[in-house]
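# Tertiary structure, described
What follows is each chain in one-letter form.
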Amino acid sequence: YRMRLVYAHFPINANVTNGGKTVEIRNFLGEKLVRVINMLPGVKVEKSASTKDELIITGPDIELTSQSAALVHQSCLVKKKDIRKFLDGIYVSSHGAIEA
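Below is a summary of the structure that appears in this document. What you see is a predicted model, and the numbers here were worked out from it, not measured in a lab. (Residues numbered from 1 in each chain as written. Predicted model: local features only at pLDDT ≥ 70, side-chain atom pairs only at ≥ 80, totals over all residues. Heavy atoms only, no water.)

## Thoughts on the environment of Arg26
For Arg26, the location among the structural elements is in strand β3 (residues 22–26). Distance in space between the C-alpha atoms of Arg26 and Tyr1 is 21 Å, their sequence separation being 25 residues. Those residues within four positions of Arg26 in sequence are excluded, and the remaining contacts are Pro11, Ile12, Asn13, Asn15 and Val34. (Helix = DSSP H or I, 4+ residues; strand = E, 2+ residues; numbered from the N terminus. Contact = heavy atoms within 4.5 Å.)

## Comments concerning the packing of aromatic side chains
Across all of its chains, the model carries zero aromatic pairs by this definition. Here the basic side chain of Lys81 rests over the ring of Phe86, its NZ or CZ set 5.9 Å away from the ring centre. (Phe/Tyr/Trp six-rings, centres within 6.5 Å; stacked < 30°, edge-to-face > 60°. Lys NZ or Arg CZ within 6 Å of the ring centre and 35° of its normal.)

## Some thoughts on the pairing of β3
Judged by how many residues are buried, β3 sits mostly within the fold: four of five residues are covered. If you look at the hairpin formed by strand β2 (residues 13–17) and β3, you'll find four residues sitting between the two strands, and Asn18 has a positive phi there, around 60°. Two elements, β3 and strand β4 (residues 35–38), share four bridges in a ladder whose sense is antiparallel. Bridge pairing in β4 places Glu24 opposite Val36. (Buried < 20%, exposed > 50% of the residue type's maximum accessible area, 1.4 Å probe, protein only. Pairing = 2+ DSSP bridges.)

Such coordinate-based values are descriptive only and should not be taken to indicate function.
Right, dumping it as structure tokens:
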């Protein structure tokens, strides 16, 4: 899964820690809260080297990989604001099997 960090004003900062097993999301909508998302077993996350503001989630099991992508997406939902105007968040840009 390729996920893009989308923001209008406050740049979202995502750090991959714990050897690709956790993601720390900072400065979402300017909040001081640090969101920590643990990946499910066997799933790795990394920041894209070629594209700015992109996370790549990989794993052998499609169910665990897609669930981990959903956890990252759900951690950055806009609450108590008009979601038509506040489109900030982390969204899946593409997904599919990676040919080895």
